[in-house]
Amino acid sequence: MKTRLALSCLLFLLARGAACAEPDDLGQQVLAETNAARRNPQRYAEYIREFRRSFIGKGYRLPGSLNVVMTSEGKGALDEAVQFLSRQRPLPALSWSPGLAKAAADLVREQSASGETGHGERGDMRKRIEQHGSWRSTIGENISYGPDTARQVVMGLIIDDGVPDRGHRKNIFNRSYATAGIACGPHPLYRTICVMDLAGGFQSR
């Protein structure tokens, strides 16, 4: 049995007043966007190429925003992500798991109140997930802070700026995962948090 942990600290600061998906809907939208990337990686590479046009040096400005967001790696991380997607074979879609979504929601509620980040102490992810059912084969977790649209969440996880092992991307394109549950909500420091819990299989309690 394996577990894989990954944490995203990409901060997408959006213009005030920008339309945002409701948190209850955003988790489902993130799963649909993740499946779009898994099923057609080459098409998804085009979204990242388009996003690249927003960059000036290592910073970028989203349409309608006056904020310039600085990244760790700049365009290099996007170019590397495009190269990866160009070679990636399509994968089956992930099914929605209500039990894993509840486990993800537990962390969202905790960090929405505390303002903390990360997966918690070693083994916390597994304990959270096992409170809601039993998993098969492998489990993993991605966390996104900042983005508040499904495409920005998934692009951020795939680009994985500043994460040397590209752990989020590996989770998204891990053939061992067959199901996922996602929950999103407000974060006091980074505006929005989205937690994605994945498993090879999951039986809810």
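Conventions adopted
Residues numbered from 1 in each chain as written. Predicted model: local features only at pLDDT ≥ 70, side-chain atom pairs only at ≥ 80, totals over all residues. Heavy atoms only, no water. Helix = DSSP H or I, 4+ residues; strand = E, 2+ residues; numbered from the N terminus. Buried < 20%, exposed > 50% of the residue type's maximum accessible area, 1.4 Å probe, protein only. Contact = heavy atoms within 4.5 Å. Areas by Shrake-Rupley, 256 points an atom, 1.4 Å probe, with all protein chains shown as cover. Phe/Tyr/Trp six-rings, centres within 6.5 Å; stacked < 30°, edge-to-face > 60°. Lys NZ or Arg CZ within 6 Å of the ring centre and 35° of its normal. Axes fitted to C-alpha atoms, helices over the stretch in contact; angles between N-to-C directions. Parallel < 35°, antiparallel > 145°, perpendicular 65-115°, else oblique. Nonpolar A, V, L, I, M, F, W, Y, C, P; charged D, E, K, R; others polar.

*Asks:* Describe the overall build of the protein, listing the residues and the values that go with them.
*Replies:* Looking only at helices and strands, one finds seven helices and eight strands in the protein. Burial analysis of the protein (205 residues in total) assigns 53% to the buried set. Considering only residue pairs separated by 6 or more positions, the protein has 77% of its internal contacts joining residues 24 or more positions apart. Looking at the protein as shown, the accessible area adds up to about 10000 Å², and 49% of this sits on carbon and sulfur atoms.

*Asks:* Tell me about the packing of aromatic side chains, residues and numbers included.
*Replies:* Each aromatic ring pair is described using two quantities: the centre-to-centre distance and the angle formed by the ring planes. Throughout the structure, instances matching the rule amount to six aromatic pairs. Relative to Tyr 47, the ring of Tyr 44 has its centre 4.9 Å away and its plane inclined at 80°; by these criteria the two rings are edge-to-face. Residue Tyr 44 and its partner Tyr 47 are located together in helix H2 (residues 41-52), separated by three residues, close to a single helical turn. Judged by relative accessible area, which is 1%, Tyr 44 ranks as buried. You can call Tyr 47 partly exposed: its relative accessible area is 24%. With 5.4 Å between their ring centres and 80° between their planes, Phe 51 and Phe 55 make a pair best called edge-to-face. Considered together, Phe 51 and Phe 55 belong to a single accessibility category, that of buried residues. An aromatic cluster of at least three residues, connected via ring pairs, comprises Phe 51, Phe 55 and Tyr 60. Positioned above the aromatic ring of Tyr 47 is the side chain of Arg 151, whose terminal nitrogen or guanidinium carbon lies 3.6 Å from the ring centre.

*Asks:* Could you give an account of the packing of H2 against helix H6 (residues 150-159), naming the residues involved and the relevant values?
*Replies:* To characterise two packed helices, one gives the angle between the axes of the helices and the distance between these axes. Packing of H2 against H6 brings their axes to within 11 Å, and their N-to-C directions diverge by 95°. The pairing of H2 with H6 is recorded here as roughly perpendicular in orientation. When H2 is examined against H6, the residues Tyr 44, Tyr 47, Ile 48 and Phe 51 are found in contact with a partner set consisting of Arg 151, Val 154, Met 155, Ile 158 and Ile 159. Across the contact of H2 with H6, the residue classes break down as eight nonpolar, no polar and one charged.

*Asks:* Pulling in residues and values, what's your account of the environment of Ala 104?
*Replies:* Inspection of the secondary structure puts Ala 104 in helix H4 (residues 98-114). Owing to a relative accessible area of 0%, Ala 104 belongs among the buried residues under this scheme. Along the backbone, Ala 104 and Ala 183 are 79 residues apart, and their C-alpha atoms lie at a distance of 5.4 Å. Those residues in contact with Ala 104 that sit more than four places away from it in its chain are Gly 181, Ile 182, Ala 183, Val 195 and Asp 197.

The values reported here are purely geometric and, on their own, carry no functional implication.
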